[in-house]
Amino acid sequence: MVYAREIMPMNNNLEGADALERGRPLSQTPHVMSEVNNCRGTTSKLLLMIFRLLREPLVHFLILGAVLFCISIMVNQDDNKEKEDAPVVITHGRIRQLRETFTAQRGRSPTEEELHEIVEDYIREEILYREAMHLGLDRDDTIIRRRLAQKMQFLYEDLLTVKDPTDTELQHYFTAQADCYRQPDLVSFAHIYFSTDRCGVVEAEKTAQALLTDLRKELISFEPPDLGDPFLLQHDY
């Protein structure tokens, strides 16, 4: 604790001079205590405001969105790094495509040396393409924008030219894919109950056979709840 005797007043503050004479701490003077209380009140209001903001759902939403945004950036950076570090692989299908493209343009199949040069050019083009994408050269480029828009236009026109299938085509397709639409067989039945406790096994069988004969001859209508003995469960399954 610093006492007033150790502090030289820089102005004519009477409260500070009185504190010097009495040897009290300068922080106990009314003026200084008032400033301290004001600082404490301002700090309390600031903390209260922060606590209120932290309880707002909007603040929670913004914090969660910021966290998800950072995670998305890190994941995309990892994916881009993996794509950049991935080796250039030339498959047999790609070589066949390069050979067919050369044949369509020149009207003949390429020789072994020409095919080797085509593959080397493709590898060089793929490397340059990856480096250009890494540097962001595809952004804000008018030619690339027009080319992509043109490709989307071609794709859109191809989708518009797709014709609806005829009834004959649908029938052929259904016949070929009938197993995909076929459901397993289902069995339903209804039964009439006769209690053996009520009239015995022999009498119950005799009554059931007689009722079955009448039902087959359609002499009576088939109404399970009205025929036979009372049954707690369902009659139809």
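Cut-offs and rules
Residues numbered from 1 in each chain as written. Predicted model: local features only at pLDDT ≥ 70, side-chain atom pairs only at ≥ 80, totals over all residues. Heavy atoms only, no water. Phe/Tyr/Trp six-rings, centres within 6.5 Å; stacked < 30°, edge-to-face > 60°. Helix = DSSP H or I, 4+ residues; strand = E, 2+ residues; numbered from the N terminus. Patch = residues over 30% accessible without salt bridge, like charges linked within 9 Å, V, L, I, M, F, W, Y side chains within 5 Å. Areas by Shrake-Rupley, 256 points an atom, 1.4 Å probe, with all protein chains shown as cover. Salt bridge = Lys/Arg side-chain N within 4 Å of Asp/Glu carboxyl O. Buried < 20%, exposed > 50% of the residue type's maximum accessible area, 1.4 Å probe, protein only.

Student: Can you walk me through the packing of aromatic side chains in this structure?
Tutor: The way to describe two aromatic rings as a pair is by their centre distance and the angle between their planes. Under the definition given, this model contains two aromatic pairs. Here the aromatic rings of Phe-174 and Tyr-181 are separated by 5.4 Å at their centres, their planes lie at 40 degrees, and the arrangement is tilted. Measuring from centroid to centroid gives 5.6 Å for Phe-189 and Tyr-237, while their planes differ by 25 degrees, and the two rings are stacked. Of this pair, Phe-189 sits in the loop between helix 8 (178-181) and helix 9 (196-199) while Tyr-237 sits in the segment after helix 10 (201-216), placing them 48 residues apart in sequence.

Student: What exactly am I supposed to notice about a nonpolar patch on the surface here?
Tutor: On the surface, Ile-63, Leu-64, Val-67, Leu-68, Ile-71, Met-74 and Val-75 cluster together into a nonpolar patch covering about 620 Å² of accessible area. Turning to its location among the elements, Met-74 is positioned in helix 3 (residues 57-85). The exposure class of Met-74 is partly exposed, given its relative accessible area of 47%.

Student: Sorry if this is basic, but what is going on with the pattern of salt bridges here?
Tutor: Any two side chains of opposite charge can pair, given that their charged atoms come close. Taken as a whole and judged by the stated rule, the model has five salt bridges. Arg-130 serves as the salt-bridge partner of Glu-126, at 3.1 Å between the closest nitrogen and oxygen. Note that Glu-126 and Arg-130 are positioned in helix 5 (residues 112-135) at a spacing of four residues, about one turn of the helix. Residue classification places Arg-130 among the partly exposed residues on the basis of a relative accessible area of 22%. Salt-bridge contacts for Arg-182 lead to Asp-179; the nearest nitrogen and oxygen are separated by 2.5 Å. With a relative accessible area of 54%, Arg-182 lands in the exposed category. The class for Asp-179 is exposed, based on a relative accessible area of 63%.

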